[in-house]
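# Examining the three-dimensional arrangement
Take a look at the letters that make up each chain.
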Amino acid sequence: MNASTNKARHNVYVIALDPEVTSKKIFQRQNPEYQPGRECLYVGMTGRSPELRFEQHKAGYKASRSVKNFGLRLCPKLFAHLNPMTHDAACEREVTLADSLRKIGYGVVQN
């Protein structure tokens, strides 16, 4: 691990997705118990600001197809209190945040 990955400069973020994402295989595979009508989200992590990363997704730069095609807006109430953190912590938190959101009823895509 290098010194830059040990600094608290990484963020997790959550993006609201258009419900049309539910027709995609990645969504169905990651959410086998999804109940139609529940909110759909994307969870990611970045070394940039969540706002910049959302803009990059929408512009197609290193984009998740789910966000590029279905991303609506950031949901800071679901992640802002967690940031910033180290790279390793962000990698772990991305997974645990996605899992916890699924458990409370959201449909979640996470790469």
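This is a predicted model, so every value here is computed, not measured.

## Thoughts on a positive patch on the surface
Residues Lys-7, Arg-9, Arg-48 and Lys-62 make up a contiguous surface patch of positive charge. Turning to its location among the elements, Arg-48 is positioned in the loop between strand S2 (40-46) and helix H2 (50-59).

## Details of the sheet that holds strand S3 (residues 71-74)
Pairing is mixed across the open sheet formed by four strands, whose spatial order is S3-S1-S2-S4. Strand pairing shows two members of the sheet lacking a second neighbour, S3 and strand S4 (107-109), which therefore form its edges. Neighbouring strand axes in the sheet, compared pairwise and without regard to direction, differ in orientation by 35° on average. Where strand S1 (residues 11-17) meets S2, seven bridges bridge the pair, whose relative direction is antiparallel. Bridged to Tyr-13 within S2 is Gly-44.

## As for helix H4 (residues 87-103)
Compared with an ideal rise of 1.5 Å per residue, which puts 17 residues at 24 Å, H4 spans 25 Å between its outermost C-alpha atoms and is within 8% of the ideal. Turning to H4, its buried residues number three or more, namely Ala-90, Glu-94, Leu-97, Ala-98 and Leu-101. In this structure, the buried residues of H4 make contact with S1, S2 and S4.

## Here's the deal with the environment of Met-45
Structurally, Met-45 is set in strand S2. Taking the C-alpha atoms as reference, Met-45 lies 10.0 Å from Ala-89; in sequence the two are 44 residues apart. With sequence-adjacent residues up to four places away left out, Met-45 is seen in contact with His-10, Asn-11, Val-12, Tyr-13, His-87, Ala-90, Cys-91 and Glu-94.

## Some words on the side chain of Thr-46
With respect to the helices and strands, the residue Thr-46 is situated in strand S2. Here the side chain of Thr-46 touches Arg-48 through a polar contact of 3.0 Å, landing on its backbone nitrogen.

Cut-off values and rules
- Residues numbered from 1 in each chain as written.
- Predicted model: local features only at pLDDT ≥ 70, side-chain atom pairs only at ≥ 80, totals over all residues.
- Heavy atoms only, no water.
- Patch = residues over 30% accessible without salt bridge, like charges linked within 9 Å, V, L, I, M, F, W, Y side chains within 5 Å.
- Areas by Shrake-Rupley, 256 points an atom, 1.4 Å probe, with all protein chains shown as cover.
- Salt bridge = Lys/Arg side-chain N within 4 Å of Asp/Glu carboxyl O.
- Lys, Arg positive; Asp, Glu negative; His and termini not counted.
- Charge placed at Lys NZ, Arg CZ, Asp CG, Glu CD.
- Helix = DSSP H or I, 4+ residues; strand = E, 2+ residues; numbered from the N terminus.
- Pairing = 2+ DSSP bridges.
- Axes fitted to C-alpha atoms, helices over the stretch in contact; angles between N-to-C directions.
- Expected span 1.5 Å × (residues − 1).
- Buried < 20%, exposed > 50% of the residue type's maximum accessible area, 1.4 Å probe, protein only.
- Contact = heavy atoms within 4.5 Å.
- Polar contact = N/O pair within 3.5 Å; in protein donor to acceptor, adjacent residues only side chain to side chain.

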